[in-house]
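Below are the chains, spelled out letter by letter.
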Amino acid sequence: MLKFTEEHEWLKVEGGVATVGITEHAAGQLGDLVFVELPEAGATFSKGDSAATVESVKAASDVYCPLDGEIVEINQAIVDDPSLVNSDPQGAAWFFKLKLADPRSADNLLDEAAYKELVG
Amino acid sequence: MESNSRLIHTPLHALHLSLGGRMVPFAGYEMPVQYADGVLKEHLHTRAAAGLFDVSHMGQIIIRPKSGRIADAALALERLVPVDVLGLAEGRQRYGLFTNPDGGILDDLMIANRGDHLFLVVNAACKDADFAHLKEGLGDSCDVTLLDDRALIALQGPHAEAVLCELWADVASMRFMDVAEADLHDVTCIISRSGYTGEDGFEISIPTASAVDVTQRLLEHPDVLAIGLGARDSLRLEAGLCLYGNDIDTGTTPVEAALEWAIQKSRRAGGERAGGFPGADRILAEFAGGTSRRRVGLRPEGRAPVRGGATLFADADGTVPIGSVTSGGFGPSIDGPVAMGYVETAHAGNGTQIFAEVRGKYLPVTVSALPFVKQTYKR
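Residues numbered from 1 in each chain as written. Chains lettered and ligands numbered in written order. Predicted model: local features only at pLDDT ≥ 70, side-chain atom pairs only at ≥ 80, totals over all residues. Heavy atoms only, no water.

Per UniProt, chain A goes by Glycine cleavage system H protein and derives from Sinorhizobium fredii. Comment text from UniProt for chain A, heading Subunit, reads "The glycine cleavage system is composed of four proteins: P, T, L and H." (UniProt positions renumbered as here; feature names shortened; annotations may be inferred.)

Below is the structure:
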């Protein structure tokens with residue numbers, strides 16, 4: 001089941017590891033992405049830290065770490081082709097995999113229905 | 001944040017909404033930043049075919065000499081701009097600058113000689129100040145009118161001429177910076193062969209009552225796509241053209257901004273009407289002695305855009321700051337990051353490698369000739 005943050009990240013948690021990306025809503029708002037900067041595997045972040053940067057033609061935006069954890073894998077495909085984030089934001093264009101410091105911490109995030117209500 | 005309820009609408013506002021325009025506050029107006037196709041496609045379409053822009057937020061001003069002699073209006077305006085206005089032939093247009101007593105730039109503008117009056121187009125954010133400045137400077141000899149009953153659109157790109165030719169065949173005989181009056185669908189418009197994308201194209205001033213009709217008919221052409229502010233900005237940046245408030249402002253002089261070409265010989269030292277504009281002492285001294293900094297083009301290596309506000313350094317460790325970026329982003333036609341900024345003159349030569357601070361890293365950047373894309377004006 002997907003979880004969501006109010007900052008427009010989605011997470012899919014499996015075995016204590018969250019696959020993280022940005023939502024379809026966020027990708028639509030950002031417009032055509034032309035550059036993605038991802039963290040390095042092994043980096044640790046706290047919830048709310050800026051973990052990645054996406055840039056459209058017009059502007060740069062932060063992607064926040066949704067929970068405390070360690071980056072265990074990044075998706076090089078979106079670095080090589082940032083437009084993937086626009087075409088498949090909640091599928092092939094995941095950003096990174098995060099080993100959660102507390103595997104239960106995702107429980108408090110929004111579910112899909114609550115997120116949809118948030119973005120209207 | 002500007003409150004949306006207070007934002008001014010251009011005559012084309014409803015049309016933007018019907019076209020799916022994503023509206024944002026800009027200079028007190030609610031304007032489309034992009035449409036459904038997005039900034040990248042809009043940008044590339046303009047370079048490949050024709051893009052249509054609503055620039056009705058810009059100020060259109062008429063200066064009419066009380067004497068009836070256009071030369072009197074030209075000479076009066078020359079007291080405010082370092083531009084050869086007197087030598088501007090009827091039916092011709094020229095880029096100009098309002099300067100202040102310190103040599104800084106108050107606004108940039110277009111000046112057209114329309115036979116019995118001068119027709120100016122100024123920036124939206126500056127238009128009220130420009131109008132007051134003109135009234136104060138020229139009011140004794142000229143009637144100055146800020147037009148509030150006209151829309152302004154720009155049709156830009158390699159197909160612009162063919163598209164407009166279907167409405168008015170004579171447009172093909174216009175050269176870059178010609179200005180003419182013509183009927184498009186029985187609406188009398190003022191057309192100049194100019195624009196701010198680096199492409200051949202036209203700016204068309206239309207009476208408000210007919211603005212939607214004329215614009216809609218142009219948009220019906222299969223080669224024409226509506227273009228928002230996002231692509232407008234990336235196009236002008238690739239073209240190396242200054243955005244007022246970013247690349248030029250009251251703290252930059254024309255010579256620092258590499259806009260010497262906008263000051264004709266007649267207004268420079270030794271010219272027949274040298275000086276006589278605000279800041280002339282400093283600006284003419286800079287022609288002779290140079291400046292300590294210059295506006296330059298910047299090509300960042302790699303893919304990361306370098307945005308306006310980034311600090312520039314001479315070294316990869318970020319110890320010797322030498323300037324800053326004023327406009328930067330991704331150039332869709334270049335397929336890479338492009339930027340402009342000011343650097344100390346010693347580092348301003350084309351090919352000089354410098355470094356830009358982006359998120360704590362120092363990225364290599366090469367000082368590059370402007371424009372980044374070849375201009376295709378029909379001279």
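Engineer: Hey, could you run me through the overall build of chain B in this one?
Structural biologist: Within chain B, the regular secondary structure consists of eight helices and 19 strands. In terms of overall size, chain B behaves like a compact globule, its C-alpha atoms giving a radius of gyration of 21 Å where 379 residues would be expected to give roughly 21 Å. Out of the 379 residues in chain B, the part that is buried amounts to 57%. Excluding contacts between residues fewer than 6 apart, the proportion of contacts in chain B whose partners are at least 24 apart in sequence is 64%. Accessible surface, chain B: about 14,800 Å² in total, of which carbon and sulfur atoms supply 51%. Each charge class in chain B can be summarised by its mean position, and for the 35 positive and 48 negative side chains these summaries are 3 Å apart. (Helix = DSSP H or I, 4+ residues; strand = E, 2+ residues; numbered from the N terminus. Rg over C-alpha atoms; globule rule 2.2 N^0.38 Å. Buried < 20%, exposed > 50% of the residue type's maximum accessible area, 1.4 Å probe, protein only. Contact = heavy atoms within 4.5 Å. Areas by Shrake-Rupley, 256 points an atom, 1.4 Å probe, with all protein chains shown as cover. Lys, Arg positive; Asp, Glu negative; His and termini not counted. Charge placed at Lys NZ, Arg CZ, Asp CG, Glu CD.)

Engineer: Help me out: how do you make sense of the packing of helix α2 (residues 39-48) of chain B against helix α7 (residues 229-238) of chain B in this one?
Structural biologist: For any two helices packed against each other, one specifies the inter-axial angle together with the distance between the axes. Residue and element names in this part refer to chain B. Taken N-terminus to C-terminus, the directions of α2 and α7 make an angle of 50°; their axes are 8 Å apart at the nearest point. Comparing the axis directions of α2 and α7 gives the class oblique. In this structure, the crossing between α2 and α7 has a hand that is right-handed. Touching Val-39, Glu-42, His-43, Thr-46 and Arg-47 of α2 are Gly-230, Ala-231, Ser-234, Leu-235 and Glu-238, all from α7. Grouping the amino acids of the contact of α2 with α7 by side-chain chemistry returns three nonpolar, four polar and three charged. (Axes fitted to C-alpha atoms, helices over the stretch in contact; angles between N-to-C directions. Parallel < 35°, antiparallel > 145°, perpendicular 65-115°, else oblique. Left-handed = near helix turned anticlockwise from the far one by under 90°. Nonpolar A, V, L, I, M, F, W, Y, C, P; charged D, E, K, R; others polar.)

Engineer: Explain the pattern of salt bridges here, please?
Structural biologist: Oppositely charged side chains are able to pair whenever their charged atoms sit close together. This structure, assessed with the given rule, holds 29 salt bridges over all chains. Among the ionic pairs, Asp-84 of chain B bridges to Arg-94 of chain B, the shortest N-O distance being 3.8 Å. Of this pair, Asp-84 of chain B sits in the loop between α3 (70-77) and β5 (93-99) while Arg-94 of chain B sits in strand β5, placing them ten residues apart in sequence. Taking the relative accessible area as the measure of exposure, Arg-94 of chain B reaches 22% and is therefore partly exposed. Put simply, Lys-378 of chain B and Asp-200 of chain B hold a salt bridge, and the shortest N to O gap is 3.7 Å. Taken together, the positions of Lys-378 of chain B in the segment after β19 (361-368) and Asp-200 of chain B in the loop between β11 (187-192) and β12 (201-207) put the pair 178 residues apart, joining distant regions of the chain. According to the relative accessible area criterion, Lys-378 of chain B is partly exposed, its value standing at 40%. Look at Asp-200 of chain B and you get buried, because its relative accessible area is 3%. Here the residues in one salt-bridge network are Glu-37 and Glu-55 of chain A together with Arg-307, Arg-359 and Lys-361 of chain B, joined through shared partners. (Salt bridge = Lys/Arg side-chain N within 4 Å of Asp/Glu carboxyl O.)

Engineer: Just checking my understanding: could you explain the UniProt feature "domain: Lipoyl-binding" in chain A for this structure?
Structural biologist: Within this numbering scheme, the UniProt entry marks residues 17-99 of chain A as carrying the feature "domain: Lipoyl-binding". With 20% helix and 42% strand, residues 17-99 of chain A has its two end C-alpha atoms placed 4 Å apart.

Engineer: Is there a simple way to explain the sheet that holds strand β16 (residues 321-331) of chain B in this structure?
Structural biologist: Sheet strands pair by backbone hydrogen bonding; their relative direction is either parallel or antiparallel. All names here are of chain B. Read around the barrel, six strands follow the order β14-β17-β16-β15-β18-β19 and close on themselves; strand pairing throughout is antiparallel. Neighbour-to-neighbour, the strand axes of the sheet open up by a mean angle of 45°, direction not taken into account. Two strands pair when backbone bridges link them, and strand β14 (residues 293-300) and β19 are joined in this way by four bridges, in the antiparallel orientation. Bridge assignment links Pro-300 to a residue of β19, and that residue is Val-365. Strands β16 and β17 (336-344) of the sheet are contacted by α7, whose axis makes an angle of about 125° with β16. (Pairing = 2+ DSSP bridges.)

Engineer: Before we go on, may I ask you to explain the UniProt feature "modified residue: N6-lipoyllysine" in chain A in this structure?
Structural biologist: Residues annotated in UniProt with the feature "modified residue: N6-lipoyllysine" correspond here to Lys-58 of chain A. Here Lys-58 of chain A lies in the loop between β6 (50-56) and β7 (60-64). Ignoring sequence-local partners within four residues, the contact set of Lys-58 of chain A consists of Gly-230, Asp-233 and Arg-307 of chain B. Among the polar contacts listed, one links the side chain of Lys-58 of chain A to the side chain of Asp-233 of chain B, at a separation of 3.5 Å. (Polar contact = N/O pair within 3.5 Å; in protein donor to acceptor, adjacent residues only side chain to side chain.)

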